[in-house]
Amino acid sequence: MDIKQLKENIRNFNLEDGDLGSQGYTRVLLQLLGFTGHGKSSFINSCKYVLEEGEDLTEYAEAKEKQGGLTMVRKAYSLTDRITMIDNRGCKTMDDFERAEVYAQLGNVIPIGQEVNWKTNFSDMMAAIENSEMDPNFTDFLVPIFVYRATKLINPTEMEELRTFLDNCVKMTGVVPIIVLTFKTEGDYLEMEKQFRLMGAETVIAIENYTTERKIKTLGRSTDILMVIDSALRNVRFRLEQPRNPRRERIERKKFMYNYIHQIQLHHEKEKHEREISERENKNKKQEEENKGTCSLL
Ligand SMILES: Nc1nc2c(ncn2[C@@H]2O[C@H](COP(=O)(O)OP(=O)(O)OP(=O)(O)O)[C@@H](O)[C@H]2O)c(=O)[nH]1
Ligand SMILES: [Mg+2]
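So, how was this worked out
Residues numbered from 1 in each chain as written. Chains lettered and ligands numbered in written order. Predicted model: local features only at pLDDT ≥ 70, side-chain atom pairs only at ≥ 80, totals over all residues. Heavy atoms only, no water. Core = buried A, V, L, I, M, F, W, Y, C linked by side-chain atoms within 4.5 Å. Buried < 20%, exposed > 50% of the residue type's maximum accessible area, 1.4 Å probe, protein only. Helix = DSSP H or I, 4+ residues; strand = E, 2+ residues; numbered from the N terminus. Near = heavy atom within 4 Å. Polar contact = N/O pair within 3.5 Å; in protein donor to acceptor, adjacent residues only side chain to side chain. Areas by Shrake-Rupley, 256 points an atom, 1.4 Å probe, with all protein chains shown as cover. Nonpolar A, V, L, I, M, F, W, Y, C, P; charged D, E, K, R; others polar. Expected span 1.5 Å × (residues − 1).

Caption draft 1: Looking closely at the nonpolar core. Phe146, Phe165, Leu181 and Phe196 are the most contacted members of the largest nonpolar core, which has 39 residues in total. Looking at this core, the elements that each hand over two or more residues are α3 (96-106), α4 (122-131), β4 (140-149), α5 (156-173), β5 (178-182), α6 (189-198), β6 (204-206) and α8 (246-297).

Structure below.
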């Protein structure tokens, strides 16, 4: 498909187009997820830049390298009347708590426009889910997009964590996250693509983001970026060919969150219990050795 056609398809995308209509969905939410500094905010700027005419790049979403992460508040950026991108807070690690927060953002449990603070206890997490009932949103069709730097190699442990993460995104949304490999010209993106495919990714697209320093529009760079949005819309069309119930899907996401939080709670309790046993054993051993020492002196 040529670039003109891609742009037209995106601009004219309508949720009503399929045989079953929109089934209650009113917009597509492209949910950008990933580690801090991997290029989520830059990707939003790039998408808007490519869809707009002209060569003036506007930094809609602030993008720069910042220790600890730059984007803290979930923000929405509309691409068309029907398609909105969400710049979610990036995570530093993939530990249980941060991941729970990533799922909460993906499931729209954290309202748009709200600062995302990593919670460190289970009751706060449960409370956040309950609070989301104040303003329940079930009319957004969620599409996860995972943004990852092509320069950052993945070790086997991370690979397992990412595989589970991709799988859980499918459980929550019915869509396998689209993998966007940024810094295309700086890393071995072919190798990275292979790794992600081995983890279960269906669509992997390497791109070079447009930045204020490097903003000359070229055919290849612009096409790559549009392909990501096009691929997301293909997923939406595919899912809308089947009868759907947005309210039910929202309930299912909520159940997933409760179950996930319950699982990590059990996991943490088990770890705590094992730590206590090992500490007690060490203490007893030390006591025995001290006693032995006293006996031999006698
Ligand atoms: N060369 C190059 N630089 C990029 C690319 N993508 C992002 N950058 C740069 O990488 C830095 C971090 O990018 P951001 O878009 O702020 O990353 P982020 O994922 O939004 O980070 P947080 O908000 O901290 O989670 C910025 O200085 C960008 O200009 C790319 O594809 N190529
Ligand atoms: Mg950002």
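Caption draft 2: Quick peek at the site of ligand 1. Near ligand 1 lie 21 residues; those nearest to it are Lys40, Ser42, Leu70, Thr71 and Glu208. Glutamate 186 has a polar side-chain atom sitting 3.3 Å from a nitrogen atom of ligand 1. For ligand 1, the accessible surface in isolation is 660 Å², of which the surrounding protein chains cover 91%. Ranked by residues supplied to the shell around ligand 1, first place goes to helix α2 (residues 40-51) with 3 residues. Residue composition of the shell around ligand 1, by class: 4 nonpolar, 12 polar and 5 charged.

Caption draft 3: Just α5, in detail. Under the 1.5 Å per step criterion, the end-to-end length of α5 is 26 Å for 18 residues, consistent within 8% with the ideal 26 Å. The complete set of buried residues in α5 reads Met159, Leu162, Phe165, Leu166, Asn168, Cys169, Met172 and Thr173. The opening residue of α5 is asparagine 155, an N-cap whose side-chain oxygen sits 3.1 Å from the backbone nitrogen of threonine 157. Glycine 174, located one to two residues past α5, shows a positive phi value of around 80°.

Caption draft 4: Examining unusual backbone geometry more closely. Of note in this structure, glutamine 23 is not a glycine but carries a positive phi near 55°. Examined against the element boundaries, glutamine 23 turns out to sit in the loop between α1 (3-11) and β1 (27-34). A residue is classified by how much of its surface remains accessible, and glutamine 23, at 18% relative accessible area, is buried. Backbone geometry places phenylalanine 183, a non-glycine residue, at a positive phi of 55°. With respect to the element layout, phenylalanine 183 can be found in the loop between β5 and α6. For phenylalanine 183, a relative accessible area of 23% translates into the label partly exposed.

The values reported here are purely geometric and, on their own, carry no functional implication.
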